[in-house]
Amino acid sequence: MSEFDRIVDGIRLPWATSDEILEAMKTFQIREDDVWLVTYPKAGTTWTTEIITVLSCGCDFTKRGEKGVNFVDIKRPNMLEFAHVTAAKKTSPRIMTTHMQSRHMAREIITKKPKIVYVARNPKDNAVSFYYFHKSNKLIKTFDSWDEYFQAFYDGDLVGGSWFDMNLYWWNRRNDDNVLFLKYEDMKEDLASAIVKISEFLGWPVPEGKLEEVVKHCSFGSMKNNPKINRTNSKIIDVSISPFVRKGLVGDWKNYFTVNQSEALDKLYEEKMKGSGLTFRYT
Ligand code: PPS
């Protein structure tokens, strides 16, 4: 227990994920036509949210954002009501996002079979990105050093819990009809294909001739230059410490991991993900 977080059911959670939210998820009504984007923090949530949002309005950029995205995990200080309360009043189809581990997710997510897009990012880059988020986000703690942070990531003792548990859970569900499992590294390699895949999965087509524009809109450069997306005026994220849309690279981990840390994480991956068949590109 700290001023920033506490452990619930073995998972460290920020205070902003209050007990009321966890309680509400037990009975929160999922709709079959909901679209849920599920991610471990810093795996590409904002990027994929942007793609889904643009697809949801027929790729008409002037209408982008009309629908709103319901991130149910936390109540920010400036919110008048809980996101799940707001979401319950929304018309279908709703766009929902969460970083919750299966233990805390809205229970009906499995039984109601909404469309679920899961994005996974290799653990090393995911860890570095989350490290910077800890520095800039006022709602979670800042670690004194990279080494101290690395140990917490290794131990699965960060807010949001273990990278391994979450990714293994959704990888094991990747063949369910209602699940689309994507990798950040594949999205980086070929954004157009990722957009088409998401579009086909959701049944929200990209109008003829529009794909290039959507790719441009969702590219790293244009998202970084978008103050709303880059949280430039956020009261929670101090972008002077680290921009929200930071580097967007595959392989940045090499600037932080020591050889020993890299080898230790490889070994842990081997143990935790053994036999799963899930692999990542690290460069
Ligand atoms: S959060 O706080 O959990 O919602 O963060 P999340 O959006 O999941 O992850 C943030 C990282 O995604 C990178 N990002 C992108 N990468 C490539 N292309 C695009 N368009 C893009 N948009 C965001 C962002 O820069 C963070 O990664 P790092 O490595 O920190 O740069």
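Being a predicted model, the structure only gives us computed values, none of them experimental.

Rules of the game
- Residues numbered from 1 in each chain as written.
- Predicted model: local features only at pLDDT ≥ 70, side-chain atom pairs only at ≥ 80, totals over all residues.
- Heavy atoms only, no water.
- Near = heavy atom within 4 Å.
- Polar contact = N/O pair within 3.5 Å; in protein donor to acceptor, adjacent residues only side chain to side chain.
- Areas by Shrake-Rupley, 256 points an atom, 1.4 Å probe, with all protein chains shown as cover.
- Helix = DSSP H or I, 4+ residues; strand = E, 2+ residues; numbered from the N terminus.
- Nonpolar A, V, L, I, M, F, W, Y, C, P; charged D, E, K, R; others polar.
- Expected span 1.5 Å × (residues − 1).
- Buried < 20%, exposed > 50% of the residue type's maximum accessible area, 1.4 Å probe, protein only.
- Arc of directions from axis to C-beta.
- Contact = heavy atoms within 4.5 Å.

Asks: Could you give me a rundown of the site of the ligand, with the residues and numbers involved?
Replies: Of all residues adjacent to the ligand, which total 22 residues, the nearest are Thr45, Thr46, Ser129, Lys247 and Gly248. Contacts to the ligand include lysine 42, whose backbone N or O atom sits 2.9 Å from an oxygen atom. At a separation of 3.2 Å, an oxygen atom of the ligand approaches a polar side-chain atom of histidine 99. Here the ligand loses 97% of its free accessible area of 650 Å² to cover by the protein chains. The element that contributes the greatest number of residues to the shell around the ligand is helix α2 (residues 45–56), accounting for three residues. Class assignment of the residues belonging to the shell around the ligand gives a composition of ten nonpolar, seven polar and five charged.

Asks: Break down helix α5 (residues 123–136) for me, citing the residues and quoting the values.
Replies: Taking 1.5 Å as the rise per residue, α5 with 14 residues should run 20 Å; its terminal C-alpha atoms sit 20 Å apart, in good agreement. With 13 of 14 residues buried, α5 is to be regarded as a mostly interior element. The opening residue of α5, the one whose side-chain oxygen lies 3.0 Å from the backbone nitrogen of lysine 124, is asparagine 122.

Asks: Tell me about helix α9 (residues 191–202), residues and numbers included.
Replies: An ideal rise of 1.5 Å per residue puts 16 Å on twelve residues; α9 measures up with 16 Å between its terminal C-alpha atoms. For α9, every residue scored as buried is listed here: Leu191, Ala194, Ile195, Ile198, Ser199, Phe201 and Leu202. The buried side chains of α9 occupy one side of the element, clustering within an arc of 165° when seen end-on. The secondary structure elements touched by the buried residues of α9 are β3 (35–39), α2, β6 (115–120), β7 (179–183), α8 (184–189) and α10 (211–217). Phi turns positive one or two residues past the end of α9, at glycine 203, with a value near 75°.

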